[in-house]
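Next come the chains, spelled out residue by residue.
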Amino acid sequence: MARVASTEPPADACVPEIDLGHFSIGDRIPSHMSDCFGCGRDHPTGLHIQSIIAGGPKLESNFVVGEFHQGAPGLAHGGILTLACDEVLGHLMYLLKSPAVTGRLETDFLLPVPIGSVLYFKAEIVGVSGRKVYSKCEGHLNSPDGPIAIRARSLYVKVDLSHFTTSAPAEYLRSEEHTSELQSRFGISYAVFCLKKK
């Protein structure tokens, strides 16, 4: 029988100590790419999710559900809500200063989310074991303490930065703005090394 990746951390997983470096509690996590559909400020119909550092291995985020995110009439599409969870959970990787990819994402839809609502997310890393990062988040409807509309658990896998730079368009890698975004996310020396190899 094939092994299925679990979002539950194994017994040997530990909750990481977070070194914020040049960040502080309350600072906004920068977008990894300005055109990202999840967090990019320049994507015309994207989610524009913003996350702030909440202390320890935790973040708080918000997502304004707009007309471009509609599924059933007047309600957010379930796939968009899942994407919002994936984006928020992915932002936690900033705290580890490591690029990572989604290995598994489990989502529970608890309440309908109307267009025009704001989801307030609370996300945290619950364990790290080797390259595997286990996290969870909850999306509260219209208030940081509102009813929970969506809940997710994830398994991310740490990867080398080349996982992303190998397929990135050359124009993107040459852009000073995008190079700056990569450097701020993954550390100047490592990002510059990867970019110079192109």
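Residues numbered from 1 in each chain as written. Predicted model: local features only at pLDDT ≥ 70, side-chain atom pairs only at ≥ 80, totals over all residues. Heavy atoms only, no water.

(A) Examining the environment of leucine 155 more closely. In this fold, leucine 155 is placed in strand S6 (residues 148-158). Judged by relative accessible area, which is 4%, leucine 155 ranks as buried. Each C-alpha atom of the pair leucine 155 and glycine 127 lies 9.7 Å from the other, and the pair is 28 residues apart in sequence. Residues within four places of leucine 155 in sequence aside, it is in contact with Ala5, Ser6, Thr7, Val101, Thr102, Gly103, Arg104, Lys132, Val133 and Tyr134. (Helix = DSSP H or I, 4+ residues; strand = E, 2+ residues; numbered from the N terminus. Buried < 20%, exposed > 50% of the residue type's maximum accessible area, 1.4 Å probe, protein only. Contact = heavy atoms within 4.5 Å.)

(B) Up close: the pairing of strand S4 (residues 118-129). By the bridge criterion, seven bridges tie strand S2 (residues 58-64) to S4 in an arrangement that is antiparallel. Note on S4: the bridge partner recorded for lysine 58 is glutamate 124. Where S4 and strand S5 (residues 132-141) come together, 10 bridges link them in antiparallel fashion. Bridge pairing links serine 129 to lysine 132 in S5. The antiparallel hairpin formed by S4 and S5 contains two residues in its connecting segment, where glycine 130 sits at a positive phi of about 65 degrees. (Pairing = 2+ DSSP bridges.)

(C) The arrangement of unusual backbone geometry in detail. One non-glycine residue, histidine 48, lies in positive phi territory at about 55 degrees. Inspection of the secondary structure puts histidine 48 in the segment before strand S1 (50-55). Although it is not a glycine, asparagine 142 adopts a positive phi angle of roughly 65 degrees. Mapped onto the fold, asparagine 142 is located in the loop between S5 and S6.

(D) Highlighting the sheet that holds S6. Strand order in the open sheet formed by six strands is S1-S2-S4-S5-S6-S3, and the pairing between neighbours is antiparallel. The open sheet is flanked by S1 and strand S3 (100-109), the only strands paired with a single partner. Going across the sheet, the axis of each strand differs from the next one's by a mean of 25 degrees, ignoring polarity. On the sheet, helix H1 (residues 78-91) packs against S1, S2, S3, S4, S5 and S6 and is oriented at approximately 50 degrees with respect to S6. (Axes fitted to C-alpha atoms, helices over the stretch in contact; angles between N-to-C directions.)

(E) Inspection of the confidence of the model for the protein at higher detail. Per-residue confidence for the protein gives a mean pLDDT of 85, with 85% of residues at or over 70. Element-level pLDDT for the protein is lowest in helix H6 (residues 188-196), with a mean of 36, against a maximum mean of 98 in S5. Scored below 50 in pLDDT, residues 188-198 makes 15 contacts in the model with residues more than four places away or belonging to other chains. (pLDDT = per-residue confidence, 0-100.)

(F) Spotlight on the state of the cysteines. Counted under the stated rule, the structure contains zero disulfides. We note that cysteine 85 lacks a disulfide partner, and the nearest cysteine sulfur, in cysteine 137, lies 4.0 Å from it. (Disulfide = S-S within 2.5 Å.)

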